[in-house]
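The residues making up each chain are set out below.
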Amino acid sequence: MKSGYGLLVLRYLAALVMFVLFMPPPLAHAASNPIEIREWQIQWIPTEEVSNTAPSTTGLWLNNSAGNPLTVLPEGKRGMWVHLTIPPTSTWQRPGLLADRLYGHEVYIYQENQLIYESKRDFAFDLNKFMVQLSPSPNPTNLYIQIISISERAGLLSGIRIDDFNDISDRFVIKDLPDLFLGFSIVFLALIMFICSGYLHRRQRSSWISLCLIALSLGSLVILYSPLPYIYFEDYGVIMLLLFDMSLFLLIPSFNYYIDQMFEGQFAFFTKFRHLQAGYSAFCVIALFIYTANKQNYEVYYFFLNVIMSALILLQFLFIIILSIVVALRGNKNAVILSVGIILFILSGTFDLIFYYLSHKTYVLYLWKFGIIILIASLVIILARRISNDYTKIVTYSKELEFYNHRLQRTEKMKIISDLAASVAHEVRNPLQVTRGFLQLLATNPIENNKQYFALAINELDRASDIITDFLTFAKPEIEAVTLLDLAVEMKKIEAMMTPLVSIQGGVLLLTTQDKLFFYGNPSKLKQAFINIIKNSIEAIREDGMIKLEASSEAGEVIVRIIDNGEGMNEDEIVKLGVPFFSTKSKGTGLGLMVTFRIIEAMKGTIEFRSNKAVGTEVIIRFPQVIQDKSLPNELHI
Ligand code: ADP
Ligand code: MG
């Protein structure tokens with residue numbers, strides 16, 4: 001078995017490729033139908049017996065079958081003889097025999113007293129299988145299999161198959177290939193994930209790497225639970241068993257770490273438990289090395305590495321399930337996915353164990369592999385959700401940051417202007433008025449040629465005065481006298497004031513309003529705000545211009561819409577509205593909307609602009625509505 005396995009490995013690698021490419025692979029054409037032997041006899045081998053020759057057929061033989069095989073060694077026994085009768089095999093050119101599952105560390109096969117196969121392991125893994133070539137015989141022959149074990153079980157688990165040796169050797173590998181394929185895929189996935197971890201941020205990398213380690217150790221467990229590696233790489237059996245245990249000791253702390261990360265460390269006792277278990281796993285690894293080196297005191301090691309560890313693992317699963325259910329009940333979707341993954345994993349393992357004990361320890365566990373796939377899938381989904389969640393958070397956060405930055409800049413500017421405005425406006429207004437008075441006086445007796453210049457000077461002074469009024473309103477927007485206003489009434493007054501101005505521009509002003517739209521505000525400031533907006537509309541329209549005023553109430557608010565079909569604005573212009581001195585007009589001041597915004601804000605209202613270039617503009621102003629109660633005083637001071 002040991003010699004020439006390099007060639008065999010090559011051959012089975014080729015079979016693996018075939019298997020992956022054409023599942024299931026076409027088997028070589030069989031010369032004769034295969035025979036399955038499912039009945040045999042066994043005889044126990046006492047611990048002290050050393051004989052290697054087949055016992056006589058007349059000794060105490062127990063009948064046994066593949067349906068209910070005996071594998072648990074009774075007290076004082078270290079193995080068994082299996083006797084079976086092989087039917088004539090001369091119909092095959094090269095007959096062969098396959099035993100797919102047996103427990104045992106040493107296997108010797110005799111065909112009619114001639115040793116035709118032997119295999120001896122010096123490591124503890126007891127799941128075994130063998131195939132052997134038989135010499136063709138026209139008569140039935142006796143086959144004796146000696147199975148020796150160092151654990152508490154030994155014996156055949158499955159029936160024995162007789163067939164063409166080529167078909168048998170294909171079958172020998174193919175049955176275990178899916179496991180190896182699964183295991184290697186998981187390990188491969190882990191390695192790829194490991195390489196990708198370089199692209200991640202530090203915060204995500206630790207959970208990512210722990211997930212890599214989980215996948216790596218689970219994949220190794222699947223590979224090393226299959227009998228094939230131990231058969232083809234018998235010399236490395238000890239190392240592979242060591243790797244199997246180490247994978248388990250790596251899996252436990254990585255899994256805990258991952259789960260703790262998912263819970264964001266909110267359960268302090270679980271974090272403590274995780275540290276404890278990580279420490280214990282490290283201790284187990286060291287103990288395992290010491291045991292492998294000197295192979296003494298098996299019971300002590302068994303107690304620490306197996307009994308205590310299993311108890312800790314059970315406790316760990318219990319904690320994780322309870323905690324994830326607690327978190328899931330709080331509405332956390334990740335915890336729901338995690339609980340489902342873990343519960344399915346545990347269920348698959350539990351069913352495996354139930355079948356194992358129901359079948360008197362003859363069942364070979366395999367459901368847990370599906371559990372592993374589900375568990376890994378759920379862990380990957382959770383991590384992906386977390387990463388995408390982080391990303392969404394960052395995007396939202398940066399958008400908010402940009403928005404606040406914008407607002408902050410605006411507020412800063414406003415503050416500077418309002419400070420400046422308050423100090424300068426007072427100082428400038430007085431000399432302006434004095435100058436205006438003198439100009440008026442002089443204008444009553446002008447030299448004819450200069451008359452137009454006086455008018456011009458007075459106009460410009462009026463404009464300067466308007467600007468200063470705007471500045472003052474801006475600097476002192478607090479509205480002292482707040483009255484219960486009816487928007488319908490106010491809008492009618494505004495309509496009356498503005499209609500002539502609109503007509504001069506060749507446009508039409510249309511008002512539609514509901515009745516009794518009450519809210520608190522200051523009538524003169526309100527007028528100033530609306531006049532500023534409507535003036536802009538007037539300046540935006542051309543011939544056939546139309547300005548609509550609509551007042552209504554909706555969801556506890558009174559709403560005014562001022563809609564024009566003027567030149568409109570683009571996105572950039574809309575963003576700049578209300579910024580001091582932003583104006584696209586040659587004679588504009590860029591102060592009108594700044595003042596309007598301040599007034600509406602002071603009256604607890606909101607203003608919104610919607611506009612399209614060359615289509616028109618809609619301004620929407622909202623104030624909190626007051627449902628009028630006759631008992632309310634008409635005027636109140638805030
Ligand atoms: P001004 O009217 O002195 O330019 P405002 O603060 O009142 O200053 O308005 C700022 C700018 O906003 C205007 O120059 C104009 O470009 C734009 N704007 C405001 N309202 C309208 C509107 N209804 N249609 C088109 N553009 C408008
Ligand atoms: Mg204006």
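For the structure itself, look to the data block above.
Novice: Just give me the short version of the overall build of the chain, but keep the residues and values in it.
Specialist: Of the regular secondary structure elements, the chain holds 15 helices and 19 strands. Taken over 638 residues, the chain has a buried fraction of 44%. Contacts in the chain between residues at least 24 apart in sequence constitute 77% of all its contacts with a sequence separation of at least 6. A total accessible area of about 34400 Å² is found for the chain, and carbon and sulfur atoms account for 62% of it.

Novice: So what's going on with the pattern of salt bridges? Which residues, and what values?
Specialist: One pass over the full model with this rule turns up 18 salt bridges. Two residues, glutamate 264 and arginine 386, come together in a salt bridge whose shortest N-O distance is 3.6 Å. Placement of glutamate 264 in the loop between helix H6 (237–262) and helix H7 (268–294) and of arginine 386 in helix H10 (residues 367–443) is noted, with a sequence separation of 122 residues between them. Here the residues in one salt-bridge network are Asp100, Arg101, Lys129, Lys175 and Asp176, joined through shared partners.

Novice: Please give an account of the environment of arginine 386 that cites residues and values.
Specialist: Classification of arginine 386 by relative accessible area gives buried; the value is 10%. What arginine 386 contacts, discounting residues up to four positions off in sequence, is Arg203, Ser207, Gln261, Met262, Glu264 and Asn334.

Novice: Outline the site of ligand 1, supporting the account with residue identities and numerical values.
Specialist: In the region of ligand 1, 18 residues are neighbours, and Asn536, Asp564, Ser583, Thr584 and Lys585 sit closest. A distance of 2.9 Å is found between a nitrogen atom of ligand 1 and a side-chain nitrogen or oxygen belonging to aspartate 564. Out of a free accessible area of 540 Å², ligand 1 has 94% covered by protein chains. In a pocket analysis with a 2 Å cut-off to the grid points, ligand 1 is assigned to the second largest pocket. Put simply, the parts of the chain that give the shell around ligand 1 at least two residues each are helix H13 (523–540) and helix H15 (592–602).

Novice: Explain the pairing of strand S6 (residues 106–111) to me, using residue names and the numbers behind them.
Specialist: Counting buried residues in S6 gives six out of six residues, a clear majority hidden from the surface. Of the two faces of S6, the one carrying Glu106, Tyr108 and Tyr110 and the one carrying Val107, Ile109 and Gln111 are both buried. Pairing of S6 with strand S7 (residues 114–120) involves six bridges; the strand directions are antiparallel. Along S7, the bridge assignment pairs tyrosine 108 with glutamate 118. In terms of strand pairing, S6 meets strand S9 (residues 141–148) through six bridges, oriented antiparallel. Counted as the bridge partner of glutamate 106 is isoleucine 148 from S9.

Novice: Which residues make up the sheet that holds S7, and what values go with them?
Specialist: One open sheet holds the six strands; their spatial order is S3-S2-S4-S9-S6-S7, and the pairing between them is antiparallel. At either margin of the open sheet sits one strand with a lone partner, and together these are strand S3 (62–65) and S7. If you compare each strand with its neighbour and ignore which way they point, the axes differ by 25° on average. One ladder, built from four bridges, connects strand S2 (residues 39–46) with S3; its direction is antiparallel. In the sheet register, glutamate 39 faces S3, and the bridge partner there is serine 65.

Novice: How would you sum up the environment of asparagine 430? Please name residues and give values.
Specialist: The residue asparagine 430 is located in helix H10 in this model. As a C-alpha pair, asparagine 430 and serine 465 span 35 residues in sequence and 10.0 Å in three-dimensional space.

Novice: Tell me about the sheet that holds strand S17 (residues 606–612), residues and numbers included.
Specialist: In any sheet, the strands associate via hydrogen bonds between backbone groups, in a parallel or an antiparallel arrangement. The mixed open sheet is built from five strands, whose spatial order is S13-S15-S16-S18-S17. Each edge of the open sheet carries a strand with a single partner, namely strand S13 (508–513) and S17. Mean inter-strand twist for the sheet, computed between neighbouring axes without regard to direction, equals 15°. Pairing geometry for S13 and strand S15 (residues 546–554), over six bridges, is parallel. Residue pairing for S15: leucine 510 is matched across the bridge by lysine 548. Along the sheet, helix H12 (residues 487–504) contacts S13, S15 and strand S16 (557–564); its crossing angle with S13, the most-contacted strand, is approximately 175°. Docked against the sheet, H15 engages S17 and strand S18 (616–624), running at close to 140° with respect to S17.

Novice: Account for a nonpolar patch on the surface, with residues named and values stated.
Specialist: Together, Ile325, Leu329, Val336, Val340, Ile343, Leu344, Leu347, Phe351, Ile354, Phe355, Leu358 and Ile374 give the surface a local cluster of nonpolar side chains, amounting to about 1000 Å² of exposed area. Only helix H8 (298–329) and helix H9 (333–358) provide two or more residues apiece to the nonpolar patch. Here valine 340 is to be found in helix H9. For valine 340, a relative accessible area of 44% corresponds to the partly exposed category.

Novice: Before we move on, can you summarise the packing of aromatic side chains with the specific residues and values?
Specialist: For any two aromatic rings, the description comes down to two numbers: the centre-to-centre distance and the angle of the planes. Taken as a whole and assessed by the stated rule, the structure comprises 21 aromatic pairs. Centroid distance tyrosine 225 to tryptophan 368: 5.5 Å. Interplanar angle 85°. Geometry classified as edge-to-face. Of the two residues, tyrosine 225 sits in the loop between helix H4 (202–224) and helix H5 (228–232) while tryptophan 368 sits in helix H10, which places them 143 residues apart along the sequence. Overall, tryptophan 368 belongs to the buried group, its relative accessible area being 14%. Ring-pair connections join several aromatic residues into one group, and the members of that group are Phe263, Phe267, Phe269, Phe270, Phe273 and Phe319. One cation-aromatic arrangement involves lysine 129 over phenylalanine 172; the distance from NZ or CZ to the ring centre is 4.9 Å. One cation-aromatic arrangement involves arginine 153 over tyrosine 103; the distance from NZ or CZ to the ring centre is 3.7 Å.

Cut-offs applied
Per chain, residues are indexed from 1 in the order of the written sequence. Chains and ligands are labelled by the order in which they are written, letters from A for the one and numbers from 1 for the other. Two thresholds apply to this predicted model, a pLDDT of at least 70 for residue-level local features and 80 or more for giving and counting side-chain atom pairs, whereas whole-chain, interface and lining totals are computed over all residues. As a convention, hydrogens and water are excluded, and side-chain values are obtained from all of the structure's heavy atoms. Helical segments are the DSSP runs of H or I of at least four residues, strand segments are the runs of E of at least two, and each set is numbered from the N terminus. Accessible area is worked out with a 1.4 Å probe on protein chains only. A residue is then buried under 20% of its type maximum, exposed over 50%, and partly exposed in between. Note on contacts: a residue pair qualifies if any of its non-hydrogen atoms lie within 4.5 Å across the two residues. Here the open area of atoms and residues is found with the Shrake-Rupley method and a 1.4 Å probe, where only the protein chains shown may cover a residue. The term salt bridge refers to a side-chain nitrogen of Lys or Arg lying within 4 Å of a carboxyl oxygen of Asp or Glu. Here a residue counts as near a molecule or strand whenever at least one of its heavy atoms sits within 4 Å of it. A 3.5 Å cut-off defines polar contacts: any pair of N or O atoms within that distance qualifies, except that in protein one atom must be a possible hydrogen donor and the other a possible acceptor, and neighbouring residues in sequence count only when both atoms are side-chain atoms. For each structure, a 1 Å grid was placed over the protein atoms alone; sets of points admitting a 1.4 Å probe that cannot get out are labelled cavities, open sets with protein on both sides within 12 Å along at least five of seven lines are labelled pockets, and lining residues have an atom within 4 Å of a point. Those molecules having more than half of their atoms within 2 Å of a cavity or pocket grid point set are described as sitting in that cavity or pocket. In short, DSSP must find at least two bridges between two strands for them to pair. Here an angle of 0 to 180 degrees is reported between the N-to-C directions of two axes, which are lines fitted to C-alpha atoms, with helices fitted over the stretch in contact. Patches here are clusters of residues that have more than 30% relative accessible area and form no salt bridge, with a 9 Å joining cutoff for like charges and a 5 Å cutoff for nonpolar side chains (Val, Leu, Ile, Met, Phe, Trp, Tyr). Stacked, edge-to-face and tilted labels apply to pairs of Phe, Tyr and Trp rings (six-membered ring for Trp) whose centres lie within 6.5 Å, assigned for plane angles under 30 degrees, over 60, and everything in between, in that order. A ring has a charge above it when a Lys NZ or an Arg CZ is no more than 6 Å from the ring centre and no more than 35 degrees off the ring normal.

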